[in-house]
Amino acid sequence: MPYTPPPELAGMSLAQIAEAVAERKLPPVEQWSPDNIDDSHMRIGADGTWYHEGSAIKRPGMVRAFAGLLNREEDGSYWLVVPYQKLSIEVEDACFIATDVSETEGDLAFRLNTDELVVAGLDHPIRAAGDGDSPSLYIHVRRGCEARLNRSTYEQLARIALERGDDWTVKSGGETFSLLPT
């Protein structure tokens, strides 16, 4: 079955975004605790590129499939989890890259490099990291995994914040998020 990406984020209403999020059926990774543990020989680069045994995974469908199996443990380790096996995966920075943001009906919706949509709020907080010279912004996606905002998305979010005032905060899902690292 061919994959059809969601329409452009800026043209979607909040209800359409919520519907697209709900349509993404993810496996219940958090319910699985397999005894068979191994190494996947996979890595997610800081730029969001997925690698297997040193070679980039070129098929977006494969990346989307693997991304649905990601889990981050409390100790900070990352795993690909299926009912019968748990495979470690190296993550250089974040599991995902946020490639677009749109303010829709007062909320902030982000598109990820996997074409997933995430609306910032209590369950998907925005986190500022780094320092004043090299700040980074992240949004929680699921199961402890985050998306780092790419440069253009960071700039879009900064413009949204500056349109609201000079305190470098944004609001979404009833929450307020600072864009300044602490």
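Presented here is an overview of the structure given in this document. (Residues numbered from 1 in each chain as written. Predicted model: local features only at pLDDT ≥ 70, side-chain atom pairs only at ≥ 80, totals over all residues. Heavy atoms only, no water.)

Description of the overall build of the protein
- Secondary structure summary: the protein contains 3 helices and 14 strands in total.
- Here the C-alpha atoms of the protein give a radius of gyration of 17 Å, agreeing with the 16 Å that 2.2 N^0.38 yields for 182 residues.
- Principal axes of the C-alpha set define a box for the protein whose edges measure 50 × 40 × 30 Å.
- Counting the 182 residues in the protein, one finds 42% classified as buried.
- For the protein, the share of sequence-separated contacts (at least 6 apart) that also reach a separation of at least 24 residues comes to 56%.
- Of the accessible surface of the protein, which amounts to about 10100 Å², a share of 50% is contributed by carbon and sulfur atoms.
- Here the protein holds 17 positive side-chain charges and 30 negative ones, and the gap between their average locations is 4 Å. (Helix = DSSP H or I, 4+ residues; strand = E, 2+ residues; numbered from the N terminus. Rg over C-alpha atoms; globule rule 2.2 N^0.38 Å. Buried < 20%, exposed > 50% of the residue type's maximum accessible area, 1.4 Å probe, protein only. Contact = heavy atoms within 4.5 Å. Areas by Shrake-Rupley, 256 points an atom, 1.4 Å probe, with all protein chains shown as cover. Lys, Arg positive; Asp, Glu negative; His and termini not counted. Charge placed at Lys NZ, Arg CZ, Asp CG, Glu CD.)

With respect to helix α2 (residues 60-67)
- All buried positions along α2 are accounted for by Val 63, Arg 64 and Ala 67. Taken end-on, α2 shows its buried residues confined to a sector of 100°, consistent with a single buried face. (Arc of directions from axis to C-beta.)

Quick notes on the sheet that holds strand β5 (residues 78-82)
- Sheet architecture is open: 6 strands sit in the order β3-β2-β1-β6-β5-β4, paired in mixed fashion. Strands with a single pairing partner mark the edges of an open sheet, and in this sheet they are β3 (55-56) and β4 (70-72).
- Direction of pairing for strand β2 (residues 50-52) relative to β3: antiparallel, over a ladder of 2 bridges. Within β3, the position partnered with His 52 by the bridge is Ser 55.
- Along the sheet face, α2 touches β1 (37-44), β2, β4 and β5 and points at about 90° away from the line of β2. (Pairing = 2+ DSSP bridges. Axes fitted to C-alpha atoms, helices over the stretch in contact; angles between N-to-C directions.)

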